[in-house]
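So the chains spell out like this:
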Amino acid sequence: MHDLLPVIAAGIVSGSAYALLALGIVIIFRSTDTVNFAIGDTATLGVFVSVTAMQAGAPVAVALLIAIAFSGLFGIATERLLVRPLGPGHKSLFIALVVTIGLGLLIH
């Protein structure tokens, strides 16, 4: 019974992370009409950048800002360089899905 509060806190933290990723998928889909299957890998890459910055001596707040900036720029670059050149239409929607799956595999 004494482990209940840490388990609840861990559940809230995990649920919040899942909710943020789901919200990111919805926002990306509504703005580009493409489901980005690489969003989890992009988030993981941002965490990797943050941990690398902290190991290099950056404070936690600075590492967090670096990770946010990196992930944002990486997402913009993905949309501009990989998804947007495909153009509109149902055929390009499927191709964009495959491209984002490939990007996720490349990041992984």
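Rules behind the numbers
Residues numbered from 1 in each chain as written. Predicted model: local features only at pLDDT ≥ 70, side-chain atom pairs only at ≥ 80, totals over all residues. Heavy atoms only, no water. Salt bridge = Lys/Arg side-chain N within 4 Å of Asp/Glu carboxyl O. Buried < 20%, exposed > 50% of the residue type's maximum accessible area, 1.4 Å probe, protein only. Axes fitted to C-alpha atoms, helices over the stretch in contact; angles between N-to-C directions. Helix = DSSP H or I, 4+ residues; strand = E, 2+ residues; numbered from the N terminus. Left-handed = near helix turned anticlockwise from the far one by under 90°. Contact = heavy atoms within 4.5 Å. Expected span 1.5 Å × (residues − 1). Arc of directions from axis to C-beta.

Asks: Is there a simple way to explain the pattern of salt bridges in this structure?
Replies: Opposite charge on two side chains permits pairing when their charged atoms draw close. Evaluated as defined, the whole model comprises two salt bridges. Measuring nitrogen to oxygen at the nearest pair gives 3.4 Å for the salt bridge that ties Glu 79 to Arg 80. The exposure class assigned to Arg 80 is partly exposed, which follows from its relative accessible area of 48%. Where Arg 84 meets Glu 79, a salt bridge forms, and the shortest distance between an N and an O atom there is 3.4 Å. Classification of Arg 84 as partly exposed rests on a relative accessible area of 46%. Connected through shared salt-bridge partners, Glu 79, Arg 80 and Arg 84 make up one network.

Asks: I tried to follow the packing of helix H2 (residues 39-55) against helix H3 (residues 60-83) on my own but got confused; where do I start?
Replies: The description of two packed helices rests on the angle between their axes and on the distance between the axes. Contact geometry for H2 and H3: axes closest at 8 Å, N-to-C directions at 145 degrees. Between H2 and H3 lies a crossing of right-handed hand. On the side of H2, the interface is formed by Thr 42, Leu 45, Gly 46, Val 49, Ser 50, Ala 53 and Met 54, while H3 contributes Val 60, Ala 63, Leu 64, Ile 66, Ala 67, Phe 70, Ser 71 and Phe 74.

Asks: What should I look at first to understand helix H1 (residues 4-32) in this one?
Replies: An α-helical turn contains 3.6 residues, so a residue and the one three or four places further along point in the same direction. With 29 residues, H1 ought to run about 42 Å at 1.5 Å a step, and its terminal C-alpha atoms sit 42 Å apart, in line with that. Of the residues trailing H1, Asp 33 is marked for its positive phi of about 60 degrees.

Asks: Mind showing me how you'd approach H2 here?
Replies: An ideal rise of 1.5 Å per residue puts 24 Å on 17 residues; H2 measures up with 24 Å between its terminal C-alpha atoms. The set of residues buried in H2 consists of Ile 39, Thr 42, Gly 46, Val 49, Ser 50 and Ala 53. The arc enclosing the buried residues of H2, seen along the axis, measures out at 100 degrees, which places them on a common side. Residues of H2 that are exposed and point more than 90 degrees away from the buried face comprise Val 47, Phe 48 and Gln 55. Residue Gly 57 follows H2 closely and has a positive phi angle near 110 degrees.

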